[in-house]
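Chain residues, written in single-letter form:
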Amino acid sequence: MAHFVPEIYAIDFGTSNSLLAAASRDHTTDAVPLDPGAPDPSVLRSVLFFAQGLGWSFGSDAIGEYARHSAHGRLLRSIKKYLPDPSFTTTRIGEHQLGIAALIG
């Protein structure tokens, strides 16, 4: 097969887990490995962790960093459940106020 050049990406952003795949007119891929530290690297836990001075981590790294830093920082999980909630406007992460669109993005 010639070199595969994706024409489209498909994201399954789930409340608990997320997946990514790619396709062209003639070919699709299996789920793209997003989390090398996970038991199944193609499954990214929909978890974010932020610690001042360390920045962001995602998936299994986020869970590990949260534990290593004795829960000092912000662990965000199940963010998707707040999408339809009009009362969720922003949350403070470090020095910034972030809305749901910024967290999801």
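Notes on the structure follow. Counting of residues starts from 1 at the beginning of each chain's written sequence and follows it residue by residue. Predicted model: local features are reported for residues with pLDDT of at least 70 only, side-chain atom pairs are reported and counted for 80 or more only, and whole-chain, interface and lining totals are derived from all residues. Derived side-chain values reflect all non-hydrogen atoms in the structure, with water molecules and hydrogen atoms excluded from consideration.

**Section: the environment of D12**
In this description a helix means any DSSP run of H or I spanning at least four residues, a strand means any run of E spanning at least two, and both kinds are numbered starting from the N terminus. With respect to the secondary-structure elements, D12 resides in strand β1 (residues 8-13). We classify D12 as partly exposed; its relative accessible area is 43%. Residues are treated as being in contact if the distance between any of their heavy atoms lies within 4.5 Å. Setting aside chain neighbours within four positions, we find D12 in contact with N17, S18 and L19. Accessibility here uses a 1.4 Å probe with only protein chains present; expressed as a share of the type maximum, an area under 20% marks a residue as buried, one over 50% as exposed, and anything in between as partly exposed.

**Section: the sheet that holds β1**
A pair of strands counts as paired when DSSP detects no fewer than two bridges linking them. Taken together, the three strands give an open sheet; going across it, the order is β1-β2-β3, and neighbouring strands pair in antiparallel fashion. Each edge of the sheet is formed by a strand with only one pairing partner; in this case those strands are β1 and β3 (44-45). For strand β2 (residues 17-23) and β3, the ladder comprises two bridges, and the chain directions are antiparallel. Bridging from a neighbouring strand, S18 pairs with L44 of β3.

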